[in-house]
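# Structural description and commentary
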Amino acid sequence: MLLGFMGAGKSTIGPLVAERLGWRFIDVDQEIMRQEGMTIAELFRTRGEEAFRALENRLTAGLSCHARTVLAPGGGWVLRPGALDSLPDSACTVWLRVSPEEAVRRLRGTLDDRPLLAGADPLAQARELLAQREPLYARAHHIVDVDARAPEDVARQIAALIATGDHGGDEEG
Ligand code: S3P
C-alpha cells in the first residue's frame, strides 16, 4: 500500500510498481469518483469532508485485503483513527516522502482538484497538513524519498522492497 501526501506520486508510481510485480493497481480516489459519479472536489463541496472520509475508509478497508494489489488511498486516509491498525498483517506499507515545496510545485495547475490545498497559500497549508500527518506516514514499513527522482526509479525501488517480502515485521520488533 502506498501512503503519502498529495503530490507524492502515488497515482503515477502505483501503476509502475504494479506492472513490475504483475499485480493490479487501485487508486482509491478514482474508485470513489467512479462509484459516486463526481469528482473529489464535488464530493467535498456537496457532502463535506467527513462523508468523503467515511467512503474512503470503507473502500480502503475492503480493498486492503485483496492479494496482489498495489493500493493507493488518498493522502488523508491515515488520519482516520485506527486506519493503519486495521490493515491486514500481510499488507506492506510504503511512505512516498515528498517535501511540501515539491508537492505544491508538482500540483500547480491542479490545485482546484485538491480541496485541502485550494486556499490562498497552498504551501503553508501543505506544511501544516504534512506536519500533522508525518507521524502517521512514518509508521509505514518502508520510507522512500521521492523529491527529484524519476517515477520509474522510485517504482523499481518499491517493487524490490515488496518482492523481498520484508515488511519490517516481528523479527525486527
Ligand atoms: C487528500 C488527498 C487527495 C484526496 C482528497 C484529500 C488529503 O488524494 O483524497 O483531496 O487529505 O490528503 P491524493 O493524495 O491522491 O491527492
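Presented here is a report on the structure given in the accompanying data block. (Residues numbered from 1 in each chain as written. Predicted model: local features only at pLDDT ≥ 70, side-chain atom pairs only at ≥ 80, totals over all residues. Heavy atoms only, no water.)

## Structural notes on the site of the ligand
Near the ligand lie 13 residues; those nearest to it are Lys-10, Asp-29, Arg-53, Arg-114 and Arg-133. Side-chain polar atom of Asp-29 to an oxygen atom of the ligand: 2.7 Å apart, as the coordinates give it. Here an oxygen atom of the ligand and a side-chain polar atom of Arg-133 are 2.6 Å apart. Here the ligand has 380 Å² of accessible area as a free molecule, and 96% of this is covered by the chains. Classifying every residue of the shell around the ligand by side-chain character gives five nonpolar, three polar and five charged. (Near = heavy atom within 4 Å. Polar contact = N/O pair within 3.5 Å; in protein donor to acceptor, adjacent residues only side chain to side chain. Areas by Shrake-Rupley, 256 points an atom, 1.4 Å probe, with all protein chains shown as cover. Nonpolar A, V, L, I, M, F, W, Y, C, P; charged D, E, K, R; others polar.)

## So, the pattern of salt bridges
Summed over the entire model, instances satisfying the criterion amount to 13 salt bridges. Between Arg-53 and Glu-49 there is a salt bridge, with its nearest N and O atoms 3.1 Å apart. Here Glu-49 and Arg-53 lie together in helix α4 (residues 49-63), a separation of four residues that amounts to about one turn. For Glu-49, a relative accessible area of 32% translates into the label partly exposed. What emerges from the salt-bridge pattern is a single network uniting Glu-49, Arg-53 and Glu-56. (Salt bridge = Lys/Arg side-chain N within 4 Å of Asp/Glu carboxyl O. Helix = DSSP H or I, 4+ residues; strand = E, 2+ residues; numbered from the N terminus. Buried < 20%, exposed > 50% of the residue type's maximum accessible area, 1.4 Å probe, protein only.)

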